[in-house]
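Structure assessment
Letter by letter, the chains look like this.
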Amino acid sequence: MNNKVEMLIAAVLLGATATSAVAQRDPAYQNARESGLVGEKADGYLGFVGTPSPAIKALVEDINIKRKDAYSKEALANGATVAEMALRNGCRLIAERTVPGEKYQTPSGQWLTRDANRPQLDPRCP
């Protein structure tokens with residue numbers, strides 16, 4: 001099977017895992033997203049928009065560690081790099097999992113608040 005097709009399938013499968021995680025968001029994490037303290041970055045990880053409390057910082061760092069672990073497993077299974085899998089998922093998370101009012105980081109590094117329009121995505125996004 002074509003390597004790009006395998007990576008796409010892996011991204012979809014990882015997305016299904018992420019979807020169930022989104023449905024079960026920790027209330028503190030959900031509040032941090034809704035309050036604009038954290039947001040999605042194009043590199044597939046969460047970032048801090050403002051200065052987080054120690055509890056929010058620990059929560060986001062834990063989520064990012066789990067994301068990196070998932071990206072590493074998918075990359076290994078598909079002959080891709082962790083960075084490639086993270087970028088693919090970052091694109092998807094921004095485009096499909098952020099909702100109006102939540103923050104995301106543009107390719108230039110600027111934090112924007114998601115609205116009803118299509119978000120600004122990294123040009124490398126599929």
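**Some remarks on the confidence of the model for the protein chain**
Of the residues in the protein chain, 81% have a pLDDT of 70 or more, and the chain-wide mean is 84. Counting contacts from residues 1–23, a segment whose pLDDT is below 50, to residues more than four positions away or on other chains yields 27 contacts.

**Observations concerning the environment of T113**
Counting through the fold element by element, T113 comes out in strand 4 (residues 111–113). The partly exposed category is assigned to T113, whose relative accessible area is 41%. There is a polar contact of 2.8 Å between the side chain of T113 and the side chain of K103.

**Considerations on the nonpolar core**
Among soluble globular proteins, nonpolar side chains are generally buried collectively. Grouped together as the largest cluster of nonpolar side chains are eight residues: Y29, A32, V38, L46, I56, L59, V60 and I63. Elements supplying a minimum of two residues to this core: helix 2 (27–34) and helix 3 (54–78). Top contributing element to this core by residue count: helix 3, with four residues. Discounting chain neighbours no more than four positions away, the residues touching I56 are A28, A32, V38 and F48.

Calculation notes
- Residues numbered from 1 in each chain as written.
- Predicted model: local features only at pLDDT ≥ 70, side-chain atom pairs only at ≥ 80, totals over all residues.
- Heavy atoms only, no water.
- pLDDT = per-residue confidence, 0-100.
- Contact = heavy atoms within 4.5 Å.
- Helix = DSSP H or I, 4+ residues; strand = E, 2+ residues; numbered from the N terminus.
- Buried < 20%, exposed > 50% of the residue type's maximum accessible area, 1.4 Å probe, protein only.
- Polar contact = N/O pair within 3.5 Å; in protein donor to acceptor, adjacent residues only side chain to side chain.
- Core = buried A, V, L, I, M, F, W, Y, C linked by side-chain atoms within 4.5 Å.

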